[in-house]
Amino acid sequence: MSCVFRHGETACFCVFAEGLLSCSSHGRLCPSSSSISQRNNSSSAKLIVDHDQTTGVAVMHMQSPPVNSLSLDFLTEICITLEKLEMDKGCRGLIITSNQPKVFSAGLDILEMYGKSPERCGEFWKAVQEMWLKLYGSNMVTIAAINGSSPAGGCLMSMTCDYRIMADNPRYSIGLNETMLGIVAPFWFKETMVNTVGHRNTEMSLELGLLYKPAEALKIGLVDQLVPEDQVLSAATQTMTKWLAIPEHARQITKSMMRKPTIDKLCSNREADIQNFVSFITKESIQKSLRMYMEMLKQKKA
Amino acid sequence: MSCVFRHGETACFCVFAEGLLSCSSHGRLCPSSSSISQRNNSSSAKLIVDHDQTTGVAVMHMQSPPVNSLSLDFLTEICITLEKLEMDKGCRGLIITSNQPKVFSAGLDILEMYGKSPERCGEFWKAVQEMWLKLYGSNMVTIAAINGSSPAGGCLMSMTCDYRIMADNPRYSIGLNETMLGIVAPFWFKETMVNTVGHRNTEMSLELGLLYKPAEALKIGLVDQLVPEDQVLSAATQTMTKWLAIPEHARQITKSMMRKPTIDKLCSNREADIQNFVSFITKESIQKSLRMYMEMLKQKKA
Amino acid sequence: MSCVFRHGETACFCVFAEGLLSCSSHGRLCPSSSSISQRNNSSSAKLIVDHDQTTGVAVMHMQSPPVNSLSLDFLTEICITLEKLEMDKGCRGLIITSNQPKVFSAGLDILEMYGKSPERCGEFWKAVQEMWLKLYGSNMVTIAAINGSSPAGGCLMSMTCDYRIMADNPRYSIGLNETMLGIVAPFWFKETMVNTVGHRNTEMSLELGLLYKPAEALKIGLVDQLVPEDQVLSAATQTMTKWLAIPEHARQITKSMMRKPTIDKLCSNREADIQNFVSFITKESIQKSLRMYMEMLKQKKA
């Protein structure tokens, strides 16, 4: 049995899980499977959450075409979902993965930062903060099943998790590459990375806006494990089982002890951080950088 | 010549060291050797301290059967011994090792935390703090000769030293595994570990209560060197010679500069840390965890 | 075309760069080349700065015989040069290298610390601080082309750069070995090293006054890249090209975010740090240590 929780609906629908489980055993859920098709049909949600009540593990599949960009809408959906899962005592572990091909998440949606009013930019940034706060401070065991590229905000999302498993495909990359777009990762992105890969790796990584191939990411500790692409989700599930065997209360207090200083720093500077972002991003020179970057992306496609 | 200092006696007894030295050349002191037997006979102390006046190096052998658990009594003995050695200008280096087979120290004595009054728990915790403060802030060169398993408090003790040499025996392990017992390593355990293996290794290690095999411990930097089991003490002695050749005053100031921020944090929060420990450990749920853990240990033995 | 900037002169002299460039292609500038001879003849300056206006890269060659010791005079020259380059909008990258054989820089000039008045010692230390502040906080991309040994202050100088390339010659070494001289690296040396190689490597390194062979330095991250000795400068130039392709403003803000906390700590404790140095270095025991060290150096030479 598996409880399929669809964001935007107020109830959980329990369905037979055979289809899902057999699908899971092949690795990540393949969009052609019938159960997935049903879901796609049944909801406009960009998040599919499979919450297995027996194991206490929820798998959050991001499917915001084409590349799971973190728009204000999508961030809001993610935050609401996270809050519900967090409050659900039956949910002890969360696996985050992607239903989009080749990409985990392309990161913050540039369209939310380009040509928008300061108010809207501020609202957007507040949602980015909110997602980070919810994920980095989650009481659940969180595992990123990184089955595709994961630049910028996608990398941030991965780094907030307790454990990172990435597809061993050299076409994928991960990193905080904001600098390459002419923008600057804020201090809490930076601290999350320092906590993950240390000061020197972070310094070089952020100054150069580096994207790492999976093997490089493993070497510096940006991800914890590489597995063949079709085993990312099953490996995450296996790892989750180990983590959930740990005495829960002690694990949660320990996690909080490790992360609270970083979280507190944002909490006590939230408004200033928003102002900082808004005044930076609305600068003419930065808007120009973003426009150039978007044009470059368009040309790449064409 | 070697000065054998026995805790609890007010004087140092100088004896011919031939027996000891030949014993040392075989690695750690074996309990069946005659000089050790004499000591065992002569004192109820759980610590044998061989202080070689010519080299200025004291070797502190823990022998509190069966597994050098850190009880309040044993901690008090250790602290008094450390204080005496620290004030003895003839003692510049300290090697800590175990006379018990297969174990360096099993860590904090669970019996001191189970079914005890809050007052007693507080007294116990104060002694744990005291040991850490004395070791982490020692002016002596301190080397852990880890000739057996070293979980929890045993790992903490090792991490306070300037250098860690471990027996390359895959049956042994080392780590802060408190979480597995349902309890939480306090912030100064955490900071000692962060200072040793970095933030990310510490986070994963503490959340999962990981115990590392020697080879893994070496890889993440939890120990500095592996040697065959019968060479742990001789390797520690060799390393000590190198450390003692360093200009002493500069080395001490440097050590203090590296560790003072961490030490200061405990010093200015000592009472709160005790209260925190006492209120946590005396909780019914935690007491239950400890009971279950002890029953598991008993079943393992049987 | 290359603009040769000679410190102490108020103008830049533009000369044909053929000689320089062909020389660069052989690796580091060799003192026997004619263009260098000309410079040596033309100025008493201990710094040769080749500022290529087309690339925006300045190469600062240290040539203070015999070993680029950082005397008060030399430090002052370096600081004035750095300030000029920093304010020159045409200069976006700085490569620091040595024109002396076998040594990058031998570090702080011991003669400035031995037998000098407290006032003079304070003046000297202020210049050391100044160099560090200018380099660690530079808006330019800074690359150390370490073509020789780089102990103590030479290592500090290297660590302030954004990237370190070292000659792969096992006769060379790098490290903060102050402790071996009986003196103590101040907190900002320490923090620069912690930011580069982490807490534990720094602790052991500083306590023992370790000098690392290039391969070891690479392993702990004290340098970023090893190349054959004759390719150090060309490798630095290639790396510089990559760094200069990064959006500049974002890179600068990011660099500042990473380093500002450490810089601020010195800035708000500068006077106390000077007093601390002066009272330490003028102690009789420390002066004796320095004298013994200098005598040891003399005996080595003889």
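Residues numbered from 1 in each chain as written. Chains lettered and ligands numbered in written order. Predicted model: local features only at pLDDT ≥ 70, side-chain atom pairs only at ≥ 80, totals over all residues. Heavy atoms only, no water.

In the nomenclature of an unreviewed UniProt entry, chain A is known as Enoyl-CoA delta isomerase 1 of Xiphophorus couchianus. Heading Sequence similarities (unreviewed entry) of the UniProt record for chain A holds this comment: "Belongs to the enoyl-CoA hydratase/isomerase family." (UniProt positions renumbered as here; feature names shortened; annotations may be inferred.)

Undergrad: Any details on the overall build of chain A? Residues and values, ideally.
TA: Along its length, chain A carries twelve helices and ten strands. Counting all 302 residues of chain A, 59% fall into the buried class. Restricting to contacts in chain A with at least 6 residues of sequence separation, those with at least 24 account for 73%. When the accessible surface of chain A is totalled, it reaches about 12400 Å², and 57% of it is carbon and sulfur. (Helix = DSSP H or I, 4+ residues; strand = E, 2+ residues; numbered from the N terminus. Buried < 20%, exposed > 50% of the residue type's maximum accessible area, 1.4 Å probe, protein only. Contact = heavy atoms within 4.5 Å. Areas by Shrake-Rupley, 256 points an atom, 1.4 Å probe, with all protein chains shown as cover.)

Undergrad: Please provide a residue-by-residue account of the relation of the copies chain C and chain B, values included.
TA: The transformation that overlays chain C on chain B combines an axial shift of 0.0 Å with a rotation of 120°, and the residual RMSD is 0.0 Å. In short, the pair behaves as if placed about a three-fold rotation axis. Identified as the residue of chain C closest to the rotation axis by C-alpha distance is C:Gly198, at 4.3 Å. (Least-squares fit on C-alpha atoms with pLDDT ≥ 70 in both.)

Undergrad: I'd like to hear about the interface of chain B and chain A, residue by residue, with values.
TA: The accessible area lost on association of the parts is a frequent measure of interface size. Contact with chain B, which involves 20 residues of that partner, is made by 18 residues of chain A. For the pair chain B and chain A, the summed buried surface comes to about 1700 Å²; carbon and sulfur atoms form 66% of the total. Sorting the residues of chain B by area buried against chain A places B:His199, B:Arg200 and B:Glu207 first, and these three jointly supply 38% of that buried surface. On inspection of chain B and its partner chain A, the count reaches three salt bridges. (Buried area = accessible area lost by both parts, 1.4 Å probe. Salt bridge = Lys/Arg side-chain N within 4 Å of Asp/Glu carboxyl O.)

Undergrad: Kindly report on the interface of chain C and chain B, identifying the contributing residues and their values.
TA: Contacts between chain C and chain B engage 20 residues on the former and 18 residues on the latter. Both faces considered, chain C and chain B share a buried interface measuring about 1700 Å² in area, 66% of it formed by carbon and sulfur atoms. Contact with chain B buries surface across chain C, with C:His199, C:Arg200 and C:Glu207 losing the most and accounting together for 38% of the total. Counting the contacts that link chain C with chain B gives three salt bridges. C:Glu203 serves as the salt-bridge partner of B:Arg259, at 2.9 Å between the closest nitrogen and oxygen. The interface formed by chain C and chain B includes six residue pairs in polar contact (both at pLDDT 80 or more). Every element with two or more residues in the side of chain C that touches chain B is listed here: α6 (187-197) and α7 (199-208) of chain C. When residues of the side of chain C that touches chain B are assigned to their parent elements, the largest contribution, eight residues, is made by α7(C). A class-by-class count of the residues in the side of chain C that touches chain B yields eleven nonpolar, four polar and five charged. (Polar contact = N/O pair within 3.5 Å; in protein donor to acceptor, adjacent residues only side chain to side chain. Nonpolar A, V, L, I, M, F, W, Y, C, P; charged D, E, K, R; others polar.)

Undergrad: If you had to explain the packing of aromatic side chains to someone new, which residues and values would you point to?
TA: By the definition in use, this model includes 21 aromatic pairs over all chains. On the basis of an interplanar angle of 10° and a centroid distance of 3.9 Å, the ring pair of A:Trp125 and A:Phe277 is categorised as stacked. Residue A:Trp125 is located in helix α4 (residues 118-136), and its partner A:Phe277 is located in helix α11 (residues 270-281); the two are separated by 152 residues in the primary sequence. A relative accessible area of 9% places A:Phe277 in the buried class. Arranged with centres 4.9 Å apart and planes meeting at 70°, the rings of C:Trp188 and C:Phe189 form a pair that is edge-to-face. Residues C:Trp188 and C:Phe189 agree in their burial class; the two are buried. (Phe/Tyr/Trp six-rings, centres within 6.5 Å; stacked < 30°, edge-to-face > 60°.)

Undergrad: Hey, could you go over the packing of α4(A) against α11(A) for me, with residue numbers and the actual values?
TA: All names here are of chain A. Two numbers describe how α4 lies on α11: the axes approach to 9 Å, and their chain directions differ by 130°. In terms of orientation, α4 and α11 fall into the oblique class. The two elements α4 and α11 meet at a crossing, and its hand is right-handed. Of the residues in α11, those touching α4 at Pro 118, Cys 121, Gly 122, Phe 124, Trp 125, Lys 126, Gln 129, Glu 130 and Leu 133 are Arg 270, Asp 273, Ile 274, Phe 277, Val 278 and Ile 281. Its residues assigned to classes, the contact of α4 with α11 comprises nine nonpolar, two polar and four charged. (Axes fitted to C-alpha atoms, helices over the stretch in contact; angles between N-to-C directions. Parallel < 35°, antiparallel > 145°, perpendicular 65-115°, else oblique. Left-handed = near helix turned anticlockwise from the far one by under 90°.)

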